[in-house]
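Here is what each chain is made of, one letter per residue.
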Amino acid sequence: MKPCGACTVASLAMRRRPMLGIAAGVGALAAVRQSVPGAAMRLLQVTPSLIPARALHLNDLRYRSQSTLSGLFSLHQADSIMASLNPPQAAPKWTHTPDSVLKLTKDAIAEYRALEDRVAALKPEECTFESVFLTLAHGENKFNAIVEPLSFYQNVSPSKELRDASNEAEVMVRDFGVESSMRIDVFRAKRAAERNIKDSGKKLSPEEQRLVEKMILDGTRAGLALPDAEREKLTQLKKELSQACLEFSKNFNEENGVVSFTLDELKGVPADVISGYTKRTEGDKEVYDVTFKTPDIFPLFKFAENPETRRTAYERFENRLAINASVMSKFLDLRRQIAKILGYPTWADYITEVKMVKNAKGVREFLTDLEQKLRPVGLKDRETLLALKKKEHEEKGLPFDGEFYLWDYRYYDRKYLEESLSLDDQLVKEYFPVSVVVPAILEIYQNLLGVKFIEMNGETWHPEVQQFAVWEKDAKDESGFVGYCYLDLFPRPSKYSHAAVWPLLPGYEKEDGSRSYPLTAMVANLAKPTPQKPALMRHDDVVTFFHEMGHVFHGLLSKTKFARFHGTSVAGDFVEAPSQMLENWCFEPKVLERMSSHYETKKSLDADLIQKIIKSRYVNVGLFYLRQLFFANFDLKVHTDQEPADYTKLWNDMRENISLVKGNNLGAGQGTFNHIASGYDAGYYGYTYSLVFAADMYATIFKPDPLDPARGQRYRQKILLPGGSRDEIDSLKDFLGREPNSEAFVKELFGQSGASNL
């Protein structure tokens, strides 16, 4: 399931859907199946629930979507027709109790195990495409439709009891996944069916043939060709790995620490941000508790004038999950053991075998090449920001030691933008009220891709969640139904703390030939309204929302026969490319004008401010991407090293060496790196690798007219619709009309084209 991927442990007979996300820390839930990582947000300004989370009981968990967006979408006649249509597939219920979560999970496991028993009992001559591959695929579909929503509760439910039950259910599913992946009797039935298909000359469709190949590869990568003793050892190691990854992610999701400051120490932080902090008395002074959630802590990093405030906050932020340091050491050791038993040089080689890059050597070459290009740019960026710091410290009489620290980066990056471009982040935010931006983005996507969102008043997991039925734009009857979308935008205690999309239900062809329709859920943490201002979005938030909606539509508009190929079930180093491409819309003048409206004057961004936003995109790009390369190189190194290391030291040393920003050994920051526990292990490089494809797709097809529905349809048909039912390179060639290349990416970053290994 995803947020895109997860504890990547070898192929299982049922495959967890991945979760897709954008910022660091966004990872995945569980790809309990193989190394396929899997891929969130809500809508409009809504009034936060008045029920304190701690006061919620199980009887309170039957929510209806309580949107305040009513009236923001003008219902034309076609919309009225659609609003009156009934979806051919009912939306799922969200009224589970802890007991029912566990019972339904156990029942689903028992049913799928019985199905595998029946397949395993087939005589070799009885093994066919229908009796083995199709039977397992249909069983997998039914299994996932039950367990995916149940596992999702741990990320979003306000009830601790329900979150704990969901987490326990996830453990059961993971353990069963390991058991299922290691069933040699089922694998023998698959091999027999494969032989019989070849011998009979039976013609399979390309997607059916791909299903056969992938299911066989699942078994090979699971180690089913190994001797009995090694298979047993492998099974145990996989279960331990699964549990360690889940523990890491659970700690990440449930982290609820704070760092406290006086109002004086918070000087420079915008008043509307401070008004959202919890104020309390500590001794003889008033202090404000700053949580480590993005809307709270990031403004402090960007605006707090006192460097000691920023340093203290950053140290606490980095160490907020020190508890995870030992957990990481454990799962890295387990991965080394598993890779060795399976006969791979490293875990990274095992993971990348099924990705576009193919091996760890290819990842290393890509990262090395990009770092060599970025380092001179990053050094220049650092000199510029360091000079700005020196000037400010001299003006304020603050000591200056000639170093540029981690807690300086966001602060001086912001100041440089303000001084060099006269770009005020707080002013820009006033043009992006949630109540305007979200409907505008939805309208852009709807027009571009030919669909309509119809808001519903159905059951959800929390009152702030909004539910939509999605239809083809000209739908006249139920044949035009596309699927469901849920948006959960605002932070609350114990909710997943970043932005990600969960493809909870895939689309696929059912046994009777009819369709099962997809459901995607976006989870985000936008700033809530304050007493002084409505909910406002920074431009970065707008980009994130646009990106995540890209994942939503990948999940909604894919149309494959088999669920395992639906939507974002593509190679992990391609899965971000479609959404990264769509980020470009947030830097197009006519798009910025369309989705902006000052919360007081109602005026759109003017041409001058729009140009400043566009120019800001690649300011300090060297330092930005070197930070990304630090994450990717750390991920690669810990998954290629043959021996354990002091990962806290490695984390801090690599960060200083690669990102060019001093950290002063802040502590166990690796405990916050949830990506590599939840689906992006040996895969973080994919965020940058996929940018090559994103830049090529945008420059080649969309740049001349980003809002052209004809180009949108081409994208829908050639990239979104196939999902993972064909090789990603084939989808790219079909869309581009040629082989992809890195020219657009190199030009985008460095302002020039040229030969490159990228």
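Residues numbered from 1 in each chain as written. Predicted model: local features only at pLDDT ≥ 70, side-chain atom pairs only at ≥ 80, totals over all residues. Heavy atoms only, no water.

(A) Geometry of the pairing of strand β4 (residues 278-282). Across five bridges, the pairing between β4 and strand β5 (residues 285-291) is antiparallel. Counterpart to T278 in the pairing with β5 is D289. Between β4 and β5, which pair antiparallel one after the other, the connecting turn spans two residues, and G283 there sits at a positive phi close to 70°. (Pairing = 2+ DSSP bridges. Helix = DSSP H or I, 4+ residues; strand = E, 2+ residues; numbered from the N terminus.)

(B) View of the nonpolar core. Among the nonpolar cores identified, the biggest contains 165 residues, and F331, M549, W585 and F634 are the most heavily contacted of them. Contact partners of F634, with chain neighbours within four places excluded, come to M328, Y647, L650, W651, M654, Q670, F673 and I676. Listed in part, the 32 residues of the second largest apolar core include V156, V465, W471 and A521. (Core = buried A, V, L, I, M, F, W, Y, C linked by side-chain atoms within 4.5 Å. Buried < 20%, exposed > 50% of the residue type's maximum accessible area, 1.4 Å probe, protein only. Contact = heavy atoms within 4.5 Å.)

(C) Focus on the sheet that holds strand β3 (residues 258-261). Read across the sheet, three strands follow the order β3-β5-β4 without closing on themselves; strand pairing throughout is antiparallel. The open sheet is flanked by β3 and β4, the only strands paired with a single partner. Going from strand to strand, the sheet's axes swing by 35° on average, the running direction of each strand aside. Lying on the sheet, helix α9 (residues 294-303) is in contact with β3 and β5; it crosses β5 at an angle near 110°. (Axes fitted to C-alpha atoms, helices over the stretch in contact; angles between N-to-C directions.)

(D) How the structure looks around the pattern of salt bridges. On inspection of all chains with the given rule, the structure shows 59 salt bridges. Between R221 and E353 there is a salt bridge; the shortest N-O distance is 2.5 Å. On the criterion of sequence distance, the pair formed by R221 in helix α6 (residues 206-222) and E353 in the loop between α12 (347-352) and α13 (360-396) is long-range, its members being 132 residues apart. The class of R221 is buried, set by a relative accessible area of 0%. For K612, the salt bridge identified is with D608, shortest N-O distance 3.2 Å. Highlighted residues: K612 and D608, both in helix α20 (residues 607-616), separated by four residues, approximately one helical turn. Taking the relative accessible area as the measure of exposure, K612 reaches 18% and is therefore buried. Three or more residues are tied together by salt bridges with common partners; here these are E116, D117, R183 and D185. (Salt bridge = Lys/Arg side-chain N within 4 Å of Asp/Glu carboxyl O.)

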